[in-house]
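What the coordinates show
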Amino acid sequence: MASLSVKPGQRFTVPDWQNNSLLISSDAEQQRFHSHHIRQEGRALRNETGNQARWDEHNTRTRLNDRITSVDRWREALARCLTDIDLEIDALTKVKEAAENAIQAKNLCLDVAIECLTFRESRRDIDVVRDPVEEELLREVKVIEKTKKELQQRVDDAFRQLCLLKEARQQLSCDHRHKVETLELDRQCVSFNVTSGNISFKVNPTRIPDGTTALREWEMSSQCNKDRAEAEMKASVDLRGAITLSIAQTNNELDAQRIATEFALRKRIRDMEGALSELRWQEKNTLEEIAEMEEEIRQLEEDIRKRTLDLKVAHTRLETRTYRPHIELCRDQAQYGLTDEVQQLEGTIRALQQKRTESQDALDALYRQLHRIQTDIGYKTNSLQLDNKCMDTRRKLVIPVEKFEPEVDAVNRTRNLPRNSQLELA
């Protein structure tokens, strides 16, 4: 008879089997809970870091744009300063050339005076006297030498000032070029994004490069360059005025010596030049006053426009408040305030309109006066040109007509400079 074979080994009970199943289920649930917790934390971390990264990138882009704006403002200021200093260099160069030409023109006068003295050395016997003619010729030689020395000093001053202007321009140009390069780099940085093809990891990108300066130092450097250029331009304008004045004064002194016999005519020319100088001064001041009055009228009209807009707002508020329902339609403090505001604005507008009318009348009067001044300048200019022609004609009696005439206005004896750099001569 066959028997049942039993596999040798440990035998577990049913409770053990059940406990094992429960343990597996419990461990599975715990692992799932732990996994879910980690997933939630990961999601929160992703959201937080993503938002932080976007915000940081936004802040960086904003700061780059602000920096670009700041650098661009300085670039524009330096560009304007470069333009001004180029104009000033050109103007000073022309005035310097005029002074050099004036020195060359004095050589002919000196030669004529010395030749006249040499001729007079041929006098004989009692005629060899120290008469007024000889005194005037010796005085003329001294005046010519003095004026040449003075003009040469002005030329030397102009040369030194040109060197200073060019040095200041070199600094400005270098600063301007650096800012242009900086703008290109910062704009390139603004254009970078995650899809750009030229982005990569760099070695120690947060290092502070050698030669790095502080923001205050950067601003002071550009400001100093600009201030120096403006100071040199101001000095150049003053020097140009002094050179122009020197040319005019030396010409007047030589004219007085060369044309001593035409005293009355020279006095007339001086008087005419003085009158023209005064008229041009009046013309300049009148033009400035006209410009200021026109600007004042524009400001008055702008204020009238602004007060009119304020009045519209007050009217609109008053009208809107009339639609308050029932008992709410009361004359409260706001109502009184709006009413007072309307009255005040209406009075203000009337006063501004009255002042605008008065200003316009004053402007019309200034234009009429300017027309009178310019008409009188034309008359006196014509008279002075006629007198100068007379002087030129009489000059031929004693010396040849000068081959060189400096670029000096025959009316007011000033260099033809830009309007903003002319100096009135007394």
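All of these numbers come straight from a predicted model, not from anything done at the bench.

**Concerning the overall build of the chain**
Tallying secondary structure elements over the chain gives five helices and zero strands in all. Counting the 426 residues in the chain, one finds 30% classified as buried. Looking at the chain alone, contacts between residues at least 24 apart form 85% of all its contacts between residues at least 6 apart. Of the roughly 29,200 Å² that the chain leaves accessible, carbon and sulfur atoms contribute 54%.

**A look at the packing of aromatic side chains**
Following the criterion strictly, the structure yields zero aromatic pairs and no others. For Arg-67, the ring lying beneath its charged end belongs to Trp-218, and the centroid distance is 3.9 Å.

**Quick notes on the pattern of salt bridges**
According to the stated counting rule, one finds 20 salt bridges in the structure shown. For Arg-187, the salt bridge is made with Asp-72, and the minimal N-O distance between the two is 3.9 Å. Note that Arg-187 is positioned in helix H2 (residues 132-191) and Asp-72 in helix H1 (residues 14-120), a separation of 115 residues in sequence. You can call Asp-72 buried: its relative accessible area is 17%. Salt bridges here are not isolated pairs; linked through shared partners, they connect Asp-72, Arg-75, Glu-76 and Arg-187.

**Remarks on the UniProt feature "coiled-coil region" (unreviewed entry) in the chain**
Within the UniProt annotation, "coiled-coil region" (unreviewed entry) is assigned to residues 134-161, 276-310 and 342-369. Along residues 276-310, the helical share is 100% and the strand share 0%, with 50 Å between the first and last C-alpha atoms. Here residues 342-369 runs as 100% helix and 0% strand, with 40 Å between its end C-alpha atoms.

**Topic: the environment of Trp-74**
Following the sequence through the fold, Trp-74 ends up in helix H1. Residues Trp-74 and Gln-223, spaced 149 residues apart in sequence, show a C-alpha to C-alpha distance of 9.0 Å. Setting aside residues no more than four positions away along its own chain, Trp-74 makes contact with Lys-179, Trp-218, Glu-219, Ser-222, Gln-223 and Lys-226.

**A closer look at the environment of Arg-331**
The topology assignment puts Arg-331 in the loop between helix H4 (263-321) and helix H5 (333-395). Excluding anything up to four places from it in sequence, Arg-331 contacts Tyr-336 and Thr-339.

**Description of the nonpolar core**
Core analysis: the biggest nonpolar cluster contains 23 residues, and Ile-85, Leu-92, Leu-165, Leu-172, Ala-229, Ile-243 and Ile-247 have the highest contact counts within it. The set of elements that each furnish at least two residues to this core consists of H1, H2 and helix H3 (215-258). Looking at this core, the element that brings in the most residues is H1, giving eleven residues. In contact with Leu-165, not counting residues within four places along its chain, are Ile-85, Glu-88, Ile-89, Leu-92, Glu-232, Met-233 and Ser-236. Ranked by size, the runner-up nonpolar core spans seven residues in total, among them Ala-314, Leu-318, Val-342 and Ile-349.

**Examining the side chain of Ser-196**
Inspection of the secondary structure puts Ser-196 in the loop between H2 and H3. Among the residues examined, Ser-196 registers a relative accessible area of 17% and is labelled buried. A polar contact of 2.9 Å, which involves the side chain of Ser-196, links it to the backbone nitrogen of Asn-193.

**Digging into the side chain of His-176**
With respect to the helices and strands, His-176 occurs in helix H2. With near-sequence residues (within four places) excluded, His-176 lies in contact with Arg-75, Leu-78, Ala-79 and Leu-82.

**Some thoughts on the confidence of the model for the chain**
For residues with low pLDDT, the predicted coordinates do not support detailed interpretation. On average, residues of the chain score 79 in pLDDT, and 78% of them are at 70 or above. Scored below 50 in pLDDT, residues 400-426 makes 66 contacts in the model with residues more than four places away or belonging to other chains.

Analysis parameters
- Per chain, the residues get numbers from 1 upward, laid out in the order the sequence is written.
- Only residues with pLDDT of at least 70 are given local features in this predicted model, and only at 80 or more are side-chain atom pairs given and counted; all residues enter the totals for whole chains, interfaces and linings.
- Hydrogen atoms and water are omitted, and side-chain values are computed over all heavy atoms in the structure.
- In this description a helix means any DSSP run of H or I spanning at least four residues, a strand means any run of E spanning at least two, and both kinds are numbered starting from the N terminus.
- Whether a residue is buried, partly exposed or exposed follows from its accessible area with a 1.4 Å probe, protein chains only, as a fraction of its type maximum: under 20%, in between, or over 50%, in that order.
- We call two residues contacting when some pair of their heavy atoms lies within 4.5 Å.
- Note on areas: Shrake-Rupley, 1.4 Å probe, and residue coverage restricted to the protein chains presented here.
- Aromatic pairs are defined between Phe, Tyr and Trp rings, using the six-membered ring for Trp, whenever the two ring centres lie within 6.5 Å; interplanar angles under 30 degrees are classed as stacked, those over 60 as edge-to-face, and all others as tilted.
- Only lysine NZ and arginine CZ atoms are considered, and such an atom sits over a ring when it is within 6 Å of the ring centre and within 35 degrees of the ring normal.
- In what follows, salt bridge is the name for a side-chain nitrogen of Lys or Arg lying within 4 Å of a carboxyl oxygen of Asp or Glu.
- UniProt positions are given in the numbering used here, feature names are shortened, and annotations may be inferred rather than shown by experiment.
- Nonpolar core, defined: a set of buried Ala, Val, Leu, Ile, Met, Phe, Trp, Tyr and Cys residues in which side-chain atoms within 4.5 Å join the residues together.
- Distance and chemistry together define a polar contact, namely a pair of N or O atoms within 3.5 Å, with one atom able to donate a hydrogen and the other to accept it when in protein, and with adjacent residues in sequence counting only for side-chain atoms on both sides.
- pLDDT is defined as a per-residue confidence score from the predictor, taking values between 0 and 100.

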